[in-house]
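Geometric and topological summary
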Amino acid sequence: MDIDILGSYPIILDGETVGELTVSREGLFWGFDAKCEMRGEIVRLSVYGNGMEAYLGIMEPIGDMLCLTKKLSRSALAAFPAKISHAGQKGEVENFEFELSRDSKLPGENEQYHGEFPLSHFIKDNSHISAPPDDDLPACETVYHPLSELNWRPCPLPCSLFSGLEAKKLCSSITGAYLSQDGDVYYLAVPEELTKTFPESGAVRFVDKIYFSENAYLICIIINGKSVSEL
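Everything in this summary refers to the structure shown in the same document.

1. Digging into the overall build of the chain
The helix and strand inventory of the chain stands at 1 helix and 15 strands. In the chain, buried positions account for 42% of the 231 residues. Total accessible area computed for the chain in this model is approximately 13,200 Å², and 49% of it derives from carbon and sulfur atoms.

2. Concerning the pattern of salt bridges
A side chain of one charge can pair with a side chain of the opposite charge if their charged atoms are brought near each other. Applying the stated criterion across every chain yields a total of 6 salt bridges. When the shortest N-O distance is used, the salt bridge between Arg39 and Asp14 registers 2.9 Å. A residue pair is termed long-range when its members are at least 10 positions apart, and Arg39 in the loop between strand 3 (29-37) and strand 4 (44-49) and Asp14 in the loop between strand 1 (7-13) and strand 2 (16-26) qualify at 25 residues. Ionic pairing is found between Arg39 and Glu41, a salt bridge with its closest N-O pair at 3.6 Å. Classification of Arg39 by relative accessible area gives buried; the value is 14%.

3. What to know about the packing of aromatic side chains
Applying the stated criterion across every chain yields a total of 6 aromatic pairs. Ring geometry for Trp152 against Phe212: centres 5.7 Å apart, planes inclined by 70°, an arrangement best described as edge-to-face. With Trp152 in the loop between strand 9 (121-123) and strand 10 (153-154) and Phe212 in strand 13 (residues 208-212), this residue pair connects regions lying 60 residues apart in the sequence. Note on Tyr178 and Tyr217: the rings are 5.9 Å apart at their centroids and 70° apart in plane angle, and the pair reads as edge-to-face. Of the two residues, Tyr178 sits in strand 11 (residues 178-182) while Tyr217 sits in strand 14 (residues 215-223), which places them 39 residues apart along the sequence.

4. Section: the nonpolar core
With 24 residues, the main nonpolar core has Ile11, Leu21, Phe32, Leu45, Leu56 and Met59 as its most contacted residues. Going through the elements one at a time, strand 1, strand 2, strand 3, strand 4, strand 5 (52-58) and strand 7 (65-73) are the ones with two or more residues in this core. Among the elements that make up this core, the one with the highest residue count is strand 3 (4 residues). Ignoring any residue separated from it by four or fewer positions in sequence, one finds Met59 in contact with Ile11, Ala34, Lys35, Cys36, Val43, Leu45, Leu66, Cys67 and Leu68.

Reading the values: the criteria
- Residues numbered from 1 in each chain as written.
- Predicted model: local features only at pLDDT ≥ 70, side-chain atom pairs only at ≥ 80, totals over all residues.
- Heavy atoms only, no water.
- Helix = DSSP H or I, 4+ residues; strand = E, 2+ residues; numbered from the N terminus.
- Buried < 20%, exposed > 50% of the residue type's maximum accessible area, 1.4 Å probe, protein only.
- Areas by Shrake-Rupley, 256 points an atom, 1.4 Å probe, with all protein chains shown as cover.
- Salt bridge = Lys/Arg side-chain N within 4 Å of Asp/Glu carboxyl O.
- Phe/Tyr/Trp six-rings, centres within 6.5 Å; stacked < 30°, edge-to-face > 60°.
- Core = buried A, V, L, I, M, F, W, Y, C linked by side-chain atoms within 4.5 Å.
- Contact = heavy atoms within 4.5 Å.

This is the structure in structure tokens:
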């Protein structure tokens, strides 16, 4: 199938155009350069077209913008639409001229970050804890993996993990944090020194501790934009 995706496309989030995705040809590869305004939530960017969705990756803050740069080979574009209409949040139901196909496996869906991280660490083993059920959903058990089994990466914008205004404000000044994701569960590691002014009964609760290179970090577990209050 011929690929006709070169050009610029709008990035549409919550029904508004907030940025632009540019697709260019770079030798044997296709380059994807996405930029949009800063958002309060994590943006997992997908491209849409011809009733299809293809996942690109997570946009990261650079200055006052969210950015994503990626190069893909022709074989990697096999699951992409032949023509792109726009880019938007991964898995978002769009009210445009087509319906998204949700039956096909998205490329990159199970990608994990394997970057550099301090080798010296200590971890308490809490392999199974239950999250409190959502008020509108039936009770269910969430299985938490030991922190030592997770893949950690720097988290430059911890406040984007939370949906509540109080939590966003509390985390707006955090620096040097780390993040790991396990399905729908986010693990945020915050330098212990920065947590001393956090209210114990506030919207951000710390339930465990981990050490990286002999530095203490407190762990906040986040589900659906809210921190889990107890193990």
